Amino acid sequence: DTNATREPRSVARLDTDLFTLQIDSTEPGLQAYSGAFLPTIPQAGIAPLAGIALEPQGWPGAVHHPDFPSVIHTPDHPYSQITRYTLHPAT
């Protein structure tokens, strides 16, 4: 059973005054990066904490925890995933 044979589930939802971002994935984990180390580039609107990256993936350290979902892939168990990012106008 590969991740891509399962139906994606909701892993994150971000709401703003302008839009809602919905992230659905077959991955068990969600890596978040706050942009804390972004450079300051005023003319581009870039600065530390000016953005966020949300990346569905396997759980860090999973190879060392047998109770975590496996991240080991072989020719007989290839890696695949489904991740869907959906942007909706705010309601």
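It should be noted that the structure appears before, not after, this text.
Calculation notes
- Residues numbered from 1 in each chain as written.
- Predicted model: local features only at pLDDT ≥ 70, side-chain atom pairs only at ≥ 80, totals over all residues.
- Heavy atoms only, no water.
- Phe/Tyr/Trp six-rings, centres within 6.5 Å; stacked < 30°, edge-to-face > 60°.
- Buried < 20%, exposed > 50% of the residue type's maximum accessible area, 1.4 Å probe, protein only.
- Salt bridge = Lys/Arg side-chain N within 4 Å of Asp/Glu carboxyl O.
- Helix = DSSP H or I, 4+ residues; strand = E, 2+ residues; numbered from the N terminus.
- Pairing = 2+ DSSP bridges.
- Contact = heavy atoms within 4.5 Å.

Draft legend 1. Representation of the packing of aromatic side chains in the model. Within this structure, the stated rule accounts for one aromatic pair. Aromatic pair W59 and F68: ring centres 4.8 Å apart, planes at 85°, arrangement edge-to-face. Residue classification places W59 among the partly exposed residues on the basis of a relative accessible area of 31%. Its relative accessible area of 25% is what places F68 among the partly exposed residues.

Draft legend 2. A look at the pattern of salt bridges. Following the criterion strictly, the structure yields one salt bridge and no others. The salt bridge partner of D15 is R13, with a shortest N-O separation of 3.1 Å.

Draft legend 3. Fine view of the pairing of strand β2 (residues 19–25). Of all the seven residues making up β2, five are buried; the element is thus mostly covered by neighbouring parts of the structure. In terms of strand pairing, strand β1 (residues 9–15) meets β2 through six bridges, oriented antiparallel. Note that in β2 the partner of A12 across the bridge is I23. Counted between consecutive antiparallel strands, the loop separating β1 from β2 contains three residues.

Draft legend 4. Focus on the environment of E7. On the secondary structure map, E7 appears in the segment before β1. Taking the C-alpha atoms as reference points, E7 and P48, 41 residues apart in sequence, are found 35 Å from one another. Excluding its chain neighbours within four sequence positions, the residues that come into contact with E7 are T26 and R84.

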